[in-house]
Each structure stands twice: as C-alpha cells, then as structure tokens.
Amino acid sequence: MIKTITVKGLKIGEGAPKICVPMVGETLSELKEEAAHLKTLDLDLVEWRVDFFEHVEEIGKVKEAAEVIRTILADIPLIFTFRSLKEGGEKEISGEYYIELNKLVAETELVDFIDIELFNDEKKVRTLIEIAHGHGVYVILSNHDFEKTPSKEEIVSRLRKAQELGGDLPKMAVMPTSAADVLTLLVATNTMNEQYADRPIITMSMGGKGVISRLAGELFGSALTFGAANKASAPGQVNVLELRKVLNLLHSNL
C-alpha cells in the first residue's frame, strides 16, 4: 500500500499528478515578481531552483530570499532545490557547501521539501534526511540523466535506492533518444509503483519526445509533474494551464 504525503492540505500520491512550477529568478526582485505571479496560477506546488539565484553562495541572502518567498506563497507547498551542474543545473558549488546549504535551509523550516541528489555520499545523504525530518521537512531524493535513458532495471534500481535511503519522494528524470526510451521510463515507473514503492514516486522522460510521461503519471504511477509558467527549468515542461487541462481530462476517464 503506497502511503500518501500531505502538505498544507495537498495530498500527493492520490488522484491526478500534482503540478509543480519552478521559480528561476536570478535576483530577489525577480523572485518576488515570480512568486506573486505564481500565486495567481492553477498549480499545486512551487519549486525554488536556487541554483539560478545570483547570491546562492551567500547563505544569509538565501535565507532572506526564502523568507520573502514563504511570505508570498504562504499556503503553497515549497520545494527547495539546488540542481548541480552535472545533473542539469545552472552552476556548481562544492560538495561541502551543497550539504551545508540544504541542512541550513531545512533547519529554517521555511520550505516543505528539499531536493537532494541521490548520487552524493550516502552517509551525508542519510544525515541530511534525518535533519530534514527532524524539522518537519520532506525529502525528494532525485537523479537526472540528461544524456540517455538507462535500462528499466537501472531506473527501478535507482528509485528503490532512493526509497531505501529514506527519501520521501524518490525521483528519476531521463533523456530519451527514441520512443522506445520513453516506453522504458513508463514501464519502469509502472514496475516500481506496482511492485516496490511504499511511497509516492516522481518520474519523467524529458524533452519533446518525453512529454507524454509528464501527462500520463496517474496511469503509470508518477505522483507529481513539472509545468512551466514563463521559463522552463528542464526541457519538455508544458505550460501550466495546458497541463492542468490534460491532467483533468485523463483523470476524468480513469
């Protein structure tokens, strides 16, 4: 039985996939404008992609921005994500600062989720998860492959690893080079969901070829999908308004 996660009244892991929209502002002023705009949209969660933020390496300014965003998006679940360069992010920081940044933000309790990349030191990942949980913050344990789509077995293996390490939402994003690659991701998602998952999972096939995976999560087992308001944070993200229409259409026929 897959357990759902409820944050600010939003139940993840039940019904249609929930829609998350990224914030990619580089300055505090841009982030304020972006947050105010996102508040007017039909979305479920917001992801602050802090790797776009010009002051990401100054923890005090990150905290200040988080306080501003939290005030504007008071009732909307908020994900804090620093996406590393090797997994498709905007910039690179040291491994030590990456851990410290996520630790300190979790301790502020200004966010509802932190996104931690699976391929970090396992002991440090476990420690971060423990700290986050101690402050009532959930953990998305993620992996992104922007070059290829691994085998079905490898995708399932990585999702299971994220679950075993204690991630509340195991996440896997892959890049397809063919329709067959998209099917591989969908079959892997279905296998994980039906055979191994005891919590909601997030999967997607990126780029234009993979758009169907961002729409069909309810059927195959992905509990959350990412849409775009203005600027997409990853290839293949669909406009949030169009995304909601399609998700509702599919949900009403299942």
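About the thresholds
Residues numbered from 1 in each chain as written. Predicted model: local features only at pLDDT ≥ 70, side-chain atom pairs only at ≥ 80, totals over all residues. Heavy atoms only, no water. UniProt positions renumbered as here; feature names shortened; annotations may be inferred. Helix = DSSP H or I, 4+ residues; strand = E, 2+ residues; numbered from the N terminus. Buried < 20%, exposed > 50% of the residue type's maximum accessible area, 1.4 Å probe, protein only. Contact = heavy atoms within 4.5 Å. Lys, Arg positive; Asp, Glu negative; His and termini not counted. Charge placed at Lys NZ, Arg CZ, Asp CG, Glu CD. 1 Å grid on protein atoms, 1.4 Å probe; cavity = no way out; pocket = protein on both sides within 12 Å on 5 of 7 lines; lining within 4 Å. Polar contact = N/O pair within 3.5 Å; in protein donor to acceptor, adjacent residues only side chain to side chain. Phe/Tyr/Trp six-rings, centres within 6.5 Å; stacked < 30°, edge-to-face > 60°. Lys NZ or Arg CZ within 6 Å of the ring centre and 35° of its normal.

- Labelled according to an unreviewed UniProt entry, the chain appears under the name 3-dehydroquinate dehydratase, originating from Bacillus salipaludis.
- On record in UniProt, under Function (unreviewed entry), the comment for the chain is "Involved in the third step of the chorismate pathway, which leads to the biosynthesis of aromatic amino acids. Catalyzes the cis-dehydration of 3-dehydroquinate (DHQ) and introduces the first double bond of the aromatic ring to yield 3-dehydroshikimate."
- Per UniProt, the chain has the following entry under Sequence similarities (unreviewed entry): "Belongs to the type-I 3-dehydroquinase family."

### Things to note about the overall build of the chain
Here's step 1: The helix and strand tally for the chain stands at 9 helices and 11 strands.
Here's step 2: Over its C-alpha atoms, taken along the principal directions, the chain stretches across nearly 45 × 40 × 35 Å.
Here's step 3: Burial status across the chain gives 54% buried among its 254 residues.
Here's step 4: Taking contacts inside the chain between residues at least 6 apart in sequence as the whole, the part at least 24 apart equals 73%.
Here's step 5: Distance between charge centres in the chain, computed from 29 positive and 39 negative side chains, equals 3 Å.

### Describing the UniProt feature "binding site: 3-dehydroquinate" (unreviewed entry) in the chain
Here's step 1: With numbering aligned to this structure, UniProt lists the feature "binding site: 3-dehydroquinate" (unreviewed entry) at Glu47, Trp48, Arg49, Arg83, Arg214, Ser233 and Gln237. Of the annotated set named above, Arg214 line the second largest cavity.
Here's step 2: Within the element layout of this structure, Arg214 appears in helix 7 (residues 211-215).
Here's step 3: Positionally, Gln237 belongs in the loop between strand 10 (224-228) and strand 11 (238-239).

### Here we look at the UniProt feature "active site" (unreviewed entry) in the chain
Here's step 1: In this numbering, the UniProt entry assigns the feature "active site" (unreviewed entry) to His144 and Lys171. On the basis of their most widely separated C-alpha atoms, the annotated residues across 28 residues gather in one place, lying no more than 8.4 Å apart.
Here's step 2: Among the structural elements, His144 can be located in strand 7 (residues 138-145).
Here's step 3: For His144, the side chain forms a polar contact with the side chain of Arg83, separated by 3.4 Å.
Here's step 4: Here Lys171 lies in strand 8 (residues 169-174).
Here's step 5: The class of Lys171 is buried, set by a relative accessible area of 6%.
Here's step 6: For Lys171, the residues in contact, after removing those within four places along its chain, are Arg83, Asp115, Ile140, Leu141, Ser142, Asn143, His144, Leu159, Ile202, Met204 and Phe226.

### What to know about unusual backbone geometry
Here's step 1: Not every positive phi belongs to a glycine, and Lys8 is a case in point at roughly 50 degrees.
Here's step 2: Along the polypeptide, Lys8 turns up in the loop between strand 1 (5-7) and strand 2 (10-12).
Here's step 3: What makes Lys8 partly exposed here is its relative accessible area of 41%.
Here's step 4: Even without being a glycine, Glu109 presents a positive backbone phi close to 60 degrees.
Here's step 5: Tracing the backbone shows Glu109 in the loop between helix 3 (95-108) and strand 6 (113-117).

### Topic: the packing of aromatic side chains
Here's step 1: Tallying each qualifying case throughout the model produces 4 aromatic pairs.
Here's step 2: Relative to Phe80, the ring of Trp48 has its centre 5.6 Å away and its plane inclined at 80 degrees; by these criteria the two rings are edge-to-face. Taken as a pair, Trp48 in strand 4 (residues 45-49) and Phe80 in strand 5 (residues 78-81) lie far apart in primary sequence, 32 residues in all. Across the pair, Phe80 and Trp48 agree in class, each one buried.
Here's step 3: In textbook terms, an aromatic cluster arises when at least three aromatic residues are bridged by ring pairs, as seen for Trp48, Phe53 and Phe80.
Here's step 4: Of note, Arg160 hangs over the ring of Tyr196, and the distance from its end group to the ring centre comes to 3.9 Å.

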